[in-house]
Structure formats: C-alpha cells, structure tokens
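Structural description and commentary
The chain contents come next:
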Amino acid sequence: MINDSELPGAFVEATFSVLQSWYESRRRSNGHMNTNVMCVALVMVEHITANYPLMETDYLTDTQIKGIGRARIRAILDRQGETRPFREEAGRTTRGSVPIAKNLAALLNDARLEQSFAIMNDEAKIAVRDELHRRIVDWIRRDFFEQQFISAEIDPSLPVRSSVESILEAARRRPGTTAGAVAQHLVGAKLACRFPHLNIANEGYTVADQQTDRIGDFQVGDSAFHVTMSPSARLLEDRCRSNRAEGYRPVVIVPYNKVEAARQLAETAGLGGMVQVLAIEDFVGQNIEELGVFKHEDIKLQFRALLETYNERVSSVESDPALRIAIPRNL
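What you are looking at is a predicted structure, and each value in this text was computed from that prediction instead of being measured. (Residues numbered from 1 in each chain as written. Predicted model: local features only at pLDDT ≥ 70, side-chain atom pairs only at ≥ 80, totals over all residues. Heavy atoms only, no water.)

**Things to note about the nonpolar core**
Note the cut-off: Joining through side-chain atoms within 4.5 Å is the link that ties buried Ala, Val, Leu, Ile, Met, Phe, Trp, Tyr and Cys residues into a set, and such a set is a nonpolar core. Each residue gets one of three labels from its accessible area relative to the maximum for its type: buried under 20%, exposed over 50%, partly exposed in between, using a 1.4 Å probe on protein chains only. Here a strand is any run of E in DSSP of at least two residues, a helix any run of H or I of at least four, and the numbering for each starts at the N terminus. In this analysis, two residues are considered to be in contact whenever any of their non-hydrogen atoms come within 4.5 Å of each other.
One finds Trp22, Val40, Met44, Ile65, Phe86, Ile136 and Ile140 to be the most contacted residues of the largest nonpolar core, which totals 46 residues. Among the elements of the structure, helix H1 (9-25), helix H2 (35-48), helix H4 (70-79), helix H5 (94-110) and helix H7 (122-145) are those that each provide at least two residues to this core. For this core, the leading source of residues is H2, giving ten residues. Excluding residues within four positions of it along the chain, isoleucine 140 makes contact with Met38, Leu42, Leu77, Phe86 and Phe145.

Here it is in structure tokens:
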C-alpha cells in the first residue's frame, strides 16, 4: 500500500492543477456545473494514469469516450466512499462529452509530464488515480450533492398548511425541479412521521411514476394513496377503479386548487363518493398540528421532524439533490 508521501507528487500536483483550471473554465455563468464535465473528469483520470501522453485512440472510440457510463462512474464514486444516487444518465450524453474530453486531453498533454509518468510503476499509477479521483469527488460533493435546497417562506406562527403551500409554490418556480416529486415525498414523509412503526414505501419519483402496476404511491392498511399535482381521468378511471375492484380504498391527494377538479373526475368516472379527495396542504398540515397537540412549540418541532424526514427520504432515492428542502432557523 502506497502512502500519500510516496505518490509521484509532481505528476499528481501538475495534473490536478490542469484539471482544476479546466474544470472551473467549464462552470456556467450561474455557478452551476454540468454533470457531463464531472463524469469526463473522472474517466479521463483513468486514461491519463494508464497512458501518457494521451492519443485519441487511448480514450475515444468512433463515437464516445472509452469506459464512460453509469456503471463506471458508480464504481469510482463507491471507491471514494460516495454512495448517494448520482444522475441516471451519467456519462451517456456523449455528443457533448467527446469535445470536452478532447479539450482536457490537449491541456494535459501540453503539461509535458512524461518524465514524472515514466518513473511510476503500476502500483504508483493506481495510487495517483485514486488521489486524483478523491479530489474530483470532493468537487462533485460540492457542486452536485450539496446544491442549494428548495427555499420557501416558512412562518411557524401560521398554520402548517400555509408553509406546505409555500414549499409547493417554491418547487413550481424553481427551474428543473419537479413539484410532483416534492409533493410525493412530502406525503411519504408525513406518513412516515405519523406511522413510525410502519414501513412506508420510498421510491424515486420517476420510478414510482413508471410502475403503474403498483396500487398507488403509498399503501397504509387497505388504503391506496395517489399523489399528483394534476389529477387526470386515467388516474380515476383506471387506477382508482382498479383499487376499488381489488378491495382497496383509493385516496387522491392533490393541491388545494385541484380538489374540485379531482372530485369532478371521480363523478365522471362513476366513482363519486367512492374516492376520497384531499388537499395535500391540509393532509400534511393538519397531521403535523395534531402530532404537535396543537401547541405552537411542539408543532414547530414536528414540522422540523417532517422536513428532516423528507430530506432523508429524498437523499436515499433521488439523484437530484435540489429536491431537498432548506430547513429554516425559525423551526
């Protein structure tokens, strides 16, 4: 096992200096970093520590970067102790990745590190690779896993439903954030807080959306919960009707301003009175107030517990950290 002090320092530091300048030059004007850049940096480190100087045949096929892809990126992150979900499409957007890789290879070759590379044996090259990966994964933690959370106005002096409404509105306004995912995970967190002895399902938003054979987003007892920002005829006519046929009690949870529309869809589907339609603001808010025994300070504690549970559930299944909610100091 090679200690840090035994690493070919010149190669590590010179390579890292090039990587850092290149990486920062790719940052968008709003400060954000494209995940393709992160993936290219990880994979190109493997190529540079195997062959130097780099020829295009070393790191490119006819159409893409050799070795790039979700499995390889996942393996590198795991090796560095980073197990949180990363982008599902990591490395697959190759049309944009190839010119990024070519640019980095040219910069690395221009650094003229042949002498340092020549003295390294295979064990040293692996140690160099791991050290460079460690530093890049630190960037990924900063620029991907620790992105800004959803920030909403949360006033503990108001009913909790008002804060839930603010969170959903903030999610709607935020570019790239799916309010439906926030709604789903808020309901999941509320059920988990209300029924800590039960195993409340926790699926990624797109996964849950694709699994149409599931009885609902959540099941508690014989009730099937469906969470949606925009109720549809298909939800009522197909899934809720199927719930009834299979002996489940369908519960549709929608934003307050969609409650009447959902009830009308239930009537049209011939399920009037058979489907419970609730506003997410009230479904979550009322329960938190009850758990806090309608006492101001206890309600604040329960609401904070809800948001902490929400963030934990999101972090464990979603690849987008921007779905997390900032917990204000006034809670």
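**With respect to the environment of asparagine 243**
With respect to the secondary-structure elements, asparagine 243 resides in helix H11 (residues 233-245). Its relative accessible area of 2% is what places asparagine 243 among the buried residues. Taking the C-alpha atoms as reference, asparagine 243 lies 7.2 Å from alanine 224; in sequence the two are 19 residues apart. Contact partners of asparagine 243, with chain neighbours within four places excluded, come to Ile215, Ala224, His226, Tyr248 and Pro250.

**Focus on the environment of valine 43**
Tracing the backbone through its elements, the reader meets valine 43 in helix H2. Spatially, the C-alpha atoms of valine 43 and glycine 67 are 6.9 Å apart, while their sequence positions differ by 24 residues. If we ignore the near neighbours within four places in the chain, the residues touching valine 43 are Ile65, Lys66, Gly67, Ile68, Arg72 and Ile73.

**What to know about the pairing of strand S3 (residues 249-254)**
Where we set the bar: In this analysis, strands are considered paired if DSSP registers two or more bridges between them. Place the viewer so that the strands point away; then a crossover is right-handed whenever the path from the first strand over the helix to the second strand goes clockwise.
Buried residues dominate S3, accounting for five of its six residues. As paired elements, strand S2 (residues 223-227) and S3 share five bridges and run parallel to each other. Residue pairing across strands places phenylalanine 225 opposite valine 251, the latter belonging to S3. In terms of handedness, the path from S2 via H11 over to S3 forms a crossover that is right-handed. Where S3 and strand S4 (residues 276-279) come together, four bridges link them in parallel fashion.

**Remarks on the packing of helix H8 (residues 160-173) against helix H9 (residues 179-194)**
Each pair of packed helices can be summarised by the angle the axes make with each other and by the distance between the axes. The criterion, for reference: Angles shown run from 0 to 180 degrees and are taken between the N-to-C directions of axes, each axis being a line fitted to C-alpha atoms and, for helices, limited to the stretch in contact. Throughout, the term roughly parallel applies to angles under 35 degrees, roughly antiparallel to angles over 145, roughly perpendicular to angles from 65 to 115, and oblique to all others. The classification used treats Ala, Val, Leu, Ile, Met, Phe, Trp, Tyr, Cys and Pro as nonpolar, Asp, Glu, Lys and Arg as charged, and all other residues, Gly among them, as polar.
Where H8 meets H9, the axes come as close as 8 Å, and the angle between the chain directions of the two elements is 150°. Regarding the angle of H8 to H9, the classification is roughly antiparallel. Contacts between H8 and H9 involve Val164, Ile167, Leu168, Ala171 and Arg172 from the first element and Ala179, Val182, Ala183 and Leu186 from the second. Looking at the contact of H8 with H9 residue by residue, the classes come out as eight nonpolar, no polar and one charged.

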